[in-house]
Amino acid sequence: MTLLASISTKLRIGYAEQTLLVVLGQAAVHTEEHSTAPPEIHSPLEELSSLTALSPLDGCYWGKVKELAPFMSEYGLIFYRVLVEIKWLLKLSQIHEIIEVPSFSEDAKSFLQGLIDGFSVNDALEIKNIEKVTNHDVKAVEYFLKQKCQSNAEVAKVLEFFHFACTSENINNLAHALMLKEAMDSVMFPVMDDIIQALCNMAKDNVAVPMLSRTHGQIYFKIRQVELDKIVDVVFELLDQAPDPAIKKSSVMPRAINMHSMLLRSH
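This report concerns the structure included in the present document. (Residues numbered from 1 in each chain as written. Predicted model: local features only at pLDDT ≥ 70, side-chain atom pairs only at ≥ 80, totals over all residues. Heavy atoms only, no water.)

**Section: the packing of helix 8 (residues 121-134) against helix 9 (residues 137-148)**
As a reminder of what qualifies: Between the N-to-C directions of two axes lies an angle of 0 to 180 degrees, each axis being a line fitted to C-alpha atoms and, for a helix, fitted only over the stretch in contact. For the purposes of this entry, the term helix denotes a DSSP run of H or I that reaches at least four residues, the term strand denotes a run of E that reaches at least two, and both are numbered from the N terminus. Roughly parallel means an angle under 35 degrees; roughly antiparallel, over 145; roughly perpendicular, 65 to 115; everything else is oblique. Handedness of each helix crossing follows the sense of rotation of the near helix against the far helix: counterclockwise by less than a right angle gives left-handed, clockwise gives right-handed. Should any heavy atoms of two residues lie within 4.5 Å, those residues are considered in contact. Ten residue types, Ala, Val, Leu, Ile, Met, Phe, Trp, Tyr, Cys and Pro, are classed as nonpolar, four, Asp, Glu, Lys and Arg, as charged, and the remainder, Gly among them, as polar.
Axis separation between helix 8 and helix 9 bottoms out at 8 Å; the angle between their running directions is 120 degrees. Relative to helix 9, the element helix 8 lies oblique. Here the hand of the crossing between helix 8 and helix 9 comes out right-handed. On helix 9, the residues that touch Asp123, Glu126, Ile127, Ile130, Glu131 and Thr134 of helix 8 are Asp137, Lys139, Ala140, Val141, Tyr143, Phe144, Gln147 and Lys148. When grouped by side-chain class, the residues that make up the contact of helix 8 with helix 9 number six nonpolar, two polar and six charged.

If you want it as structure tokens, here you go:
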């Protein structure tokens, strides 16, 4: 019997405590020889893989989450910063009391909207290059917009008002909110149907199947797959808390409720 098994038996400890003992044991024999850093990665962007990614989301799980990249990546953050700065300038042009920013013509509005609609990865890289000089991420966005708008005579007259009366936090908190909202609306909510359908099917198909579990380190058999319907309830609650009322009226809710009713009838 190993030392760990002996201690486990005498102290009646569970898996969590056993894991802690293993970690402590490994730490006790750790030496500098075992902690040599891997070779330096000279170009992380080019050599990024499941082995070099800082997060599993960028590595082995990339195929599952890549649809979130346009919204939740740094590229997405930069894009929404650009959007917020442009929308702020457009708003200022609509306030008559701010005479320094006159109302824009339709051509000028179209030009500014084009910067949003045509934003690309190359634009984001250009902003990152500006950031190397400014050492400030939001200021780099402002400088990028000033450069892009030099070619439009109307907008060029009010370049200093892109960031007028704003702090970086004003831009960032709106950008982060838009990242989350658009990711939820465009990617996450649309797949709720599939998630609820799968959970309901699993719960119905395995309603009588015991599922081995543990409580306080002891074997516990009472949990069954039917507990999955509680997860469905949680999904309902999340949908009900969605800030956009349109989400609650979408096809997700009525279809999910029908599936849940079917599940309850099968009990």
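Moving on, there is more to tell.
**Observations concerning unusual backbone geometry**
Counted only if it meets this: Any residue under 20% of the maximum accessible area for its type is buried, any over 50% is exposed, and the rest in between are partly exposed; the area is computed with a 1.4 Å probe on protein chains only.
Residue Asn135 is not a glycine yet carries a positive backbone phi of 55 degrees. Assignment of secondary structure puts Asn135 in the loop between helix 8 and helix 9. Of note in this structure, Ala165 is not a glycine but carries a positive phi near 65 degrees. Topologically, Ala165 is positioned in the loop between helix 10 (153-156) and helix 11 (168-188). When its relative accessible area of 64% is taken as the criterion, Ala165 is described as exposed.

**Some points on the packing of aromatic side chains**
Using the following cut-off: Between 30 and 60 degrees the pair is tilted, below 30 it is stacked and above 60 it is edge-to-face, where a pair is any two Phe, Tyr or Trp rings, Trp via its six-membered ring, whose centres lie within 6.5 Å.
Inspection of the entire model under this criterion finds five aromatic pairs. Geometrically, the ring pair formed by Phe79 and Phe119 is tilted, given 5.7 Å between the ring centres and 50 degrees between the ring planes. Remark: Phe119 occurs in the loop between helix 7 (106-117) and helix 8 and Phe79 occurs in helix 6 (residues 74-93); sequence separation between them is 40 residues. Judged on exposure class, the residue Phe79 and its partner Phe119 are both buried.

In short, geometric facts, not functional conclusions.
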